[in-house]
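Chain by chain, the residues run as shown.
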Amino acid sequence: MSAIVKVGDIHKSFGSNHVLKGVSFEVNKGEMIAVIGASGSGKSTALRCIDRLETIDQGQIEVCGIRVDDPKVDLHLLRREVGIVFQSYNLFPHLTVEENIMLALRHVKKMSRDEARRIAMNVLEQVGLGQKADAYPEQLSGGQQQRVAIARSLAMSPKVMLFDEVTSALDPQLTGEVLRVMEDLAADGMTMLLVTHEMAFAKRVADRIIYMHQGKVWEVGDGSMLDAPRTPELRAFLDNGL
Amino acid sequence: MSGGFTSSHLVYLVQSIGWTLVLSALAFVLGGIGGFAVMLARISPRAWLARVALVYIEAIQGIPLLILLFIVYFGLSVYGYQVPALVAAGLALMIYSSAYLGDIWRGCIEAMPKPQWEASECLSLTRWQTLRLVIIPQAMRLALPPTVGFLVQLIKMTSLASVIGFIELTRAGQIINNSIFQPFLIFGLVGAFYFVLCYPLSRWSQSMENKLNVSNR
């Protein structure tokens with residue numbers, strides 16, 4: 001097993017707020033890792049640092065051999081390896097579903113229209129939205145929009161995908177359809193790192209779970225750690241959260 | 001002895017509307033190009049460039065258009081560049097509207113949600129691609145009403161070109177008035193012509209704004 005993402009002792013502050021206090025973990029190829037923790041524990045920040053949406057103050061991050069902490073890192077290269085899906089979908093509202101997916105294929109990967117369309121239809125089928133290709137984002141439900149966002153990211157064939165609380169903005173009945181897509185991706189061998197509040201999902205699907213507390217990795221384990229937390233903090237978090 | 005207002009006077013006035021429109025179009029198109037450049041500079045990640053654009057905007061917005069006209073028309077002629085009045089007026093109006101349009105458009109670009117930039121960035125789109133393919137198409141909806149609103153201002157401001165001798169609607173009115181001296185009638189007519197040009201645009205701008213407000217509710 002080779003590590004696709006290596007995070008080594010990273011620190012990050014926003015002003016006087018020390019958000020990450022020496023976080024380390026690795027994500028191996030084909031692994032699905034779920035990061036859980038209370039809000040403010042730094043889990044989303046850690047995820048955003050990996051795609052360099054935030055820069056770290058200290059430590060190392062390596063993604064597919066690319067040193068993300070290097071100030072001269074080729075962001076273009078990094079972002080072709082990393083896909084990210086956000087809580088708020090962030091689809092382009094002026095483009096149809098298909099155009100949303102084709103945009104980067106056409107302008108970044110310089111594909112022909114036909115080639116891009118073929119890939120777009122492929123990933124749309126994969127997330128079960130083949131029939132929505134011509135719809136605009138506002139015509140879709142939140143769950144459908146999030147599945148399009150996953151498809152858009154997937155179309156760029158990243159080596160690792162990051163999910164930042166992708167179901168947090170959804171009604172419970174829409175959460176399931178998004179989680180199902182993510183589960184399929186994991187089953188296909190996609191390397192995934194997700195920040196989530198869906199404990200049952202994390203327990204069932206994730207290879208490993210990382211519990212973050214106050215800017216540190218507090219506990220790491222497989223699904224069973226949620227049944228038998230070793231630290232009082234995780235126990236308290238699970239009791240309050242569920 | 002002054003005669004009465006004749007149909008040939010009216011024809012002369014109506015024809016001069018053409019020059020008002022030519023000057024307005026020239027100022028708007030050139031100012032649009034300049035304004036786009038000013039907007040790009042203003043949102044540039046290069047701090048010095050953004051600073052230069054800010055100074056430009058603030059300087060121009062603090063100077064009356066009439067003075068800009070004098071600077072361009074009389075200033076250039078001192079150095080031996082005797083430019084035609086149309087060119088001088090077009091240039092002054094371009095400098096003027098670049099600053100205003102640049103500022104209006106910067107505001108519209110900056111009003112676009114930051115996550116749209118972030119999502120584009122994460123798809124490896126370059127900054128320019130993001131602007132061109134994602135941000136500007138969305139910002140245009142927001143920019144259209146104030147841009148048309150500014151065009152209305154611009155049409156009215158072309159009347160200032162009359163002071164450097166460019167014969168547009170206002171100057172034509174002055175010329176007729178100098179010969180028949182019926183200021184109330186003539187300038188009333190001139191005003192009515194401006195109104196006819198501007199009012200539909202104002203209404204259009206307003207209705208677009210109302211639509212925007214509804215869809216943003």
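Under an unreviewed UniProt entry, the name given to chain B is Amino acid ABC transporter permease, and the source organism is Caballeronia zhejiangensis. Checking UniProt for chain B, the heading Sequence similarities (unreviewed entry) contains the comment "Belongs to the binding-protein-dependent transport system permease family. HisMQ subfamily."

The name recorded for chain A in an unreviewed UniProt entry is Phosphate ABC transporter ATP-binding protein, from Caballeronia zhejiangensis. Quoted verbatim from the Subcellular location (unreviewed entry) field of the UniProt record, the comment on chain A reads "Cell membrane". The Sequence similarities (unreviewed entry) field of the UniProt record for chain A holds the comment "Belongs to the ABC transporter superfamily."

A. Examining the overall build of chain A more closely. Helix and strand counts for chain A stand at eight helices and 10 strands. Projecting the C-alpha coordinates of chain A onto the three principal axes gives extents of approximately 55 × 45 × 35 Å. Counting only residues that meet the buried cut, chain A has 48% of its 242 residues in that class. Across chain A, every contact between residues at least 6 apart in sequence was considered, and the portion connecting residues at least 24 apart equals 62%.

B. Quick look at the UniProt feature "domain: ABC transmembrane type-1" (unreviewed entry) in chain B. Taken from the UniProt record, the annotation "domain: ABC transmembrane type-1" (unreviewed entry) applies to residues 17–205 of chain B. Note that residues 17–205 of chain B is 83% helix and 0% strand, and that its end C-alpha atoms are spaced 22 Å apart.

C. Representation of the interface of chain B and chain A. The partner chain A presents 17 residues to the 13 residues of chain B that form the contact. Secondary structure elements with two or more residues in the side of chain B that touches chain A: α5 (114–122) and α6 (127–157) of chain B. Across the side of chain B that touches chain A, the residue classes break down as eight nonpolar, four polar and one charged.

D. Spotlight on the nonpolar core. Formed by 124 residues in total, the largest nonpolar core has its most connected members in Ile 50, Val 63, Ala 151 and Leu 193 of chain A together with Leu 69 and Ala 92 of chain B. Examining the composition of this core, we find that 14 residues originate from one element, helix α4 (residues 85–110) of chain B, more than from any other. Once you skip the residues sitting within four places of it in the chain, Ile 50 of chain A turns out to touch Val 5, Val 7, Ile 61, Val 63, Val 68, Val 82 and Leu 162 of chain A.

E. Layout of the environment of Ile 210 of chain A. All names here are of chain A. In this fold, Ile 210 is placed in strand β9 (residues 208–213). Take Ile 210: there are 24 C-beta atoms within 10 Å of it, and that puts it in the buried class. Excluding residues that lie within four positions of it along the chain, Ile 210 makes contacts with Phe 25, Ile 33, Val 35, Val 217 and Val 220.

F. Broad picture of helix α6 (residues 172–187) of chain A. Residue and element names in this part refer to chain A. Between its first and last C-alpha, α6 extends 23 Å over 16 residues, near the 22 Å set by a 1.5 Å rise per residue. Along α6, the positions that sit buried rather than exposed are Thr 175, Val 178, Leu 179, Val 181, Met 182 and Leu 185. Mapping the buried residues of α6 onto a view down its axis gives an arc of 155 degrees, with all of them on the same face. Away from the buried face of α6 by more than 90 degrees, exposed residues Gln 173 and Ala 187 are located.

G. Highlighting the sheet that holds strand β5 (residues 66–67) of chain A. Residue and element names in this part refer to chain A. Read across the open sheet, the four strands follow the order β2-β1-β4-β5; overall the sheet is antiparallel. Each end of this open sheet is capped by a strand with a single partner; those strands are β2 (17–28) and β5. Of the pairings in the sheet, the one linking strand β4 (residues 58–63) to β5 comprises two bridges and is antiparallel in character. Considered in β5, the bridge of Glu 62 is made with Arg 67. Across the face of the sheet, helix α1 (residues 43–50) comes into contact with β1 (3–14), β2 and β4 while running at roughly 120 degrees to β1.

H. Layout of the packing of helix α1 (residues 7–42) of chain B against helix α7 (residues 169–180) of chain B. Residues and elements named next belong to chain B. Two elements in contact, α1 and α7, have axes separated by 7 Å at closest approach and are oriented at 155 degrees. Viewed along their axes, α1 and α7 adopt a mutual orientation that is roughly antiparallel. Of α7, the residues touching α1 (which contributes His 9, Tyr 12, Leu 13, Ser 16, Ile 17 and Thr 20) are Leu 169, Ala 172, Gly 173 and Ile 176. Tallied by class, residues from the contact of α1 with α7 come to six nonpolar, four polar and no charged.

I. How the structure looks around the UniProt feature "domain: ABC transporter" (unreviewed entry) in chain A. Here, the residues flagged by UniProt with the feature "domain: ABC transporter" (unreviewed entry) are residues 5–239 of chain A. In this annotation, residues 5–239 of chain A is assigned 36% helix and 26% strand; the end-to-end C-alpha distance for the span is 31 Å.

J. Inspection of the sheet that holds strand β7 (residues 160–164) of chain A at higher detail. Residues and elements named next belong to chain A. The six strands lie next to each other as β6-β7-β8-β3-β9-β10, forming an open sheet whose pairing is mixed. On the outer flanks of this sheet lie β6 (82–85) and β10 (216–221), each paired with one strand and no other. Across the sheet, the mean angle separating the axes of adjacent strands is 20 degrees when strand polarity is ignored. Two elements, strand β3 (residues 32–36) and strand β8 (residues 191–195), share four bridges in a ladder whose sense is parallel. Each residue of the ladder has a partner; that of Val 35, found in β8, is Val 195.

K. Region of interest: α1 of chain A. Residues and elements named next belong to chain A. Counting buried positions along α1 yields eight of eight residues, so the element is predominantly enclosed. If you check which residues of α1 are buried, you get Lys 43, Ser 44, Thr 45, Ala 46, Leu 47, Arg 48, Cys 49 and Ile 50. Positive backbone phi, approximately 55 degrees, marks Arg 52, located one or two places after α1.

L. Representation of the UniProt feature "transmembrane region" (unreviewed entry) in chain B within the structure. Residue and element names in this part refer to chain B. The positions that UniProt labels "transmembrane region" (unreviewed entry) are, in the present scheme, residues 17–41, 53–75, 81–102, 142–167 and 179–201. Within the segment residues 17–41, helix and strand shares are 100% and 0% respectively, and the terminal C-alpha atoms sit 35 Å apart. Each end of residues 179–201 is marked by a C-alpha atom, and these two atoms are 33 Å apart; helix forms 91% of the span and strand 0%.

Reading the values: the criteria
- Residues numbered from 1 in each chain as written.
- Chains lettered and ligands numbered in written order.
- Predicted model: local features only at pLDDT ≥ 70, side-chain atom pairs only at ≥ 80, totals over all residues.
- UniProt positions renumbered as here; feature names shortened; annotations may be inferred.
- Helix = DSSP H or I, 4+ residues; strand = E, 2+ residues; numbered from the N terminus.
- Buried ≥ 20, exposed ≤ 12 C-beta atoms within 10 Å, placed from the backbone.
- Contact = placed C-beta atoms within 7 Å.
- Nonpolar A, V, L, I, M, F, W, Y, C, P; charged D, E, K, R; others polar.
- Core = buried A, V, L, I, M, F, W, Y, C linked by C-beta atoms within 7 Å.
- Expected span 1.5 Å × (residues − 1).
- Arc of directions from axis to C-beta.
- Pairing = 2+ DSSP bridges.
- Axes fitted to C-alpha atoms, helices over the stretch in contact; angles between N-to-C directions.
- Parallel < 35°, antiparallel > 145°, perpendicular 65-115°, else oblique.

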